[in-house]
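# Coordinate analysis (summary)
Spelled out, the chains give:
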Amino acid sequence: MTTALAIQARQLQRIYQTGTLKVHALRGVDLDVPAGRFVAVKGRSGSGKTTLLNCLGGLDQPTGGLVQVYGRSLAGLNDRQLTLWRQKEVGFIFQSFGLLPTLSAYENVELMLRIAGFPRQQRRDRARRCLELVGLDKWANHRPYELSGGQQQRVAIARALANQPRLILADEATGELDTETTHDILNLFRRIVQEEEVTMLLASHDPLVDEYVDEVILLEDGRIKSPAVLAPNPSC
Ligand code: ADP
Ligand code: MG
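A brief report on the enclosed structure follows. Bear in mind that the values here come from a model prediction, so they are computed numbers and not experimental data. (Residues numbered from 1 in each chain as written. Chains lettered and ligands numbered in written order. Predicted model: local features only at pLDDT ≥ 70, side-chain atom pairs only at ≥ 80, totals over all residues. Heavy atoms only, no water.)

If you look at the biggest cluster of nonpolar residues, it comprises 41 residues, and the most contacted ones within it are F38, I93, V109, L131, I157, F189 and L202. Secondary-structure elements contributing two or more residues to this core are β3 (38-42), α3 (105-115), α4 (120-133), α5 (149-161), β7 (167-171), α6 (179-195) and β8 (199-204). Non-local contacts of I157, meaning those with residues more than four positions away in its chain, are made with I93, V134, I185, L188, F189 and I192. Within the second largest apolar cluster, 31 residues are counted, among which are C55, L169, A203 and L230. (Core = buried A, V, L, I, M, F, W, Y, C linked by side-chain atoms within 4.5 Å. Buried < 20%, exposed > 50% of the residue type's maximum accessible area, 1.4 Å probe, protein only. Helix = DSSP H or I, 4+ residues; strand = E, 2+ residues; numbered from the N terminus. Contact = heavy atoms within 4.5 Å.)

The following block contains the structure:
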C-alpha cells in the first residue's frame with residue numbers, strides 16, 4: 001500500500017539575485033512528505049526555511065527543480081491559477097499573525113471565505129466552526145487589540161483553516177509567543193493535523209517543537225541534512 005504524498009520536491013533551487021550578488025537560498029532540495037504529517041522544518045536563521053515554505057506554497061517561484069503538492073505540479077500554473085490554487089489548497093500562518101486590526105476575530109476569518117467566493121451561510125458556519133476549533137468562539141466579536149498574542153495567533157490559525165486547505169504552512173508561528181502559549185499552540189497544531197486531516201509544515205528554530213511533530217527536517221545552508229524521504233505514517 002502506498003501513502004499519498006502531500007509534498008514532493010525535486011532538486012529545488014532558489015537563487016536570489018540582487019545586482020551582482022547571488023544568494024543560493026535552496027541548493028537542490030529533495031523532499032517527500034506523506035499526507036497527514038506534522039513536520040518541523042528547522043535550521044538556523046538564513047538556512048532557507050522561509051524560502052522553502054514559500055516555494056512549496058506557491059508564494060515564490062523556484063529558480064530550478066520541481067514541486068508537486070498532492071500530485072499537482074506548480075510549475076505549469078500562471079499567476080492567476082496559482083492564486084486560485086493557493087486559496088483552495090494552502091493555509092498560511094505567520095509569526096506576525098497578519099490580522100486586520102479593524103475587523104473582529106470572526107470577520108478576519110470570514111473575510112478569507114468571502115475572498116474565496118463562498119456563499120453567505122457557508123461562510124458563517126465555517127467561520128464559527130473554525131473559531132470553535134481554536135477555542136475562541138466566545139471571543140468572536142473582539143478585535144485583535146483586545147486579544148492576547150496567543151489568542152491573536154489562534155485567530156490567524158482559524159483563518160488559515162477556513163478554506164479547508166489540505167496543506168498548512170506555518171512560518172515561525174510561535175516566534176512571538178511565550179513558552180506556555182507556545183506549548184498551547186503546538187498542542188493545537190497537533191490536534192488540527194489529526195482532526196482536520198491536513199499536512200502541516202512548521203518552520204521554526206525553537207527546540208520546543210520537536211516533541212510535538214512527527215518528523216524534523218533540518219536545513220543547513222539551503223540543503224537538507226536529515227531525512228528527506230519521510231517514513232510512511234504508522235497509522236496508514
Ligand atoms: P530562514 O527562513 O531559514 O531564516 P530564508 O529562507 O529567509 O531563511 O533565507 C535564506 C537565504 O536567502 C538567506 O541568506 C537570506 O538572506 C536570503 N534571502 C531571503 N530572501 C531574500 C530576498 N528576497 N532577496 C535576497 N536574499 C534573500
Ligand atoms: Mg524565516
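By volume, the largest pocket amounts to about 260 Å³. Forming the boundary of the largest pocket are L59, T83, R86, Q87, V90, G91, F92, F94, M112, R159, A160 and N163. Secondary-structure elements contributing two or more residues to the lining of the largest pocket are α2 (79-89), β6 (90-94) and α5. Examining the composition of the lining of the largest pocket, we find that four residues originate from one element, β6, more than from any other. In terms of residue class, the lining of the largest pocket is built from six nonpolar, four polar and two charged. (1 Å grid on protein atoms, 1.4 Å probe; cavity = no way out; pocket = protein on both sides within 12 Å on 5 of 7 lines; lining within 4 Å. Points joined across faces, edges and corners; volume = space filled by probe spheres on them. Nonpolar A, V, L, I, M, F, W, Y, C, P; charged D, E, K, R; others polar.)

Now for the pattern of salt bridges. One pass over the structure, following the stated rule, counts 13 salt bridges. R10 is paired through a salt bridge with D32; the nearest N and O atoms lie 2.9 Å apart. Here R10 is found in strand β1 (residues 5-18), whereas its partner D32 is found in strand β2 (residues 21-34), with 22 residues between them in sequence. The partner of R14 in a salt bridge is D60, with the nearest N and O atoms 2.9 Å apart. Placement of the pair is R14 in strand β1 and D60 in the loop between α1 (49-56) and β4 (64-69), with a sequence separation of 46 residues. The pair R14 / D60 is uniform in exposure class, with both members buried. Within the structure, one salt-bridge network assembled from shared partners comprises K88, E89 and R166. (Salt bridge = Lys/Arg side-chain N within 4 Å of Asp/Glu carboxyl O.)

These figures capture arrangement, not role.
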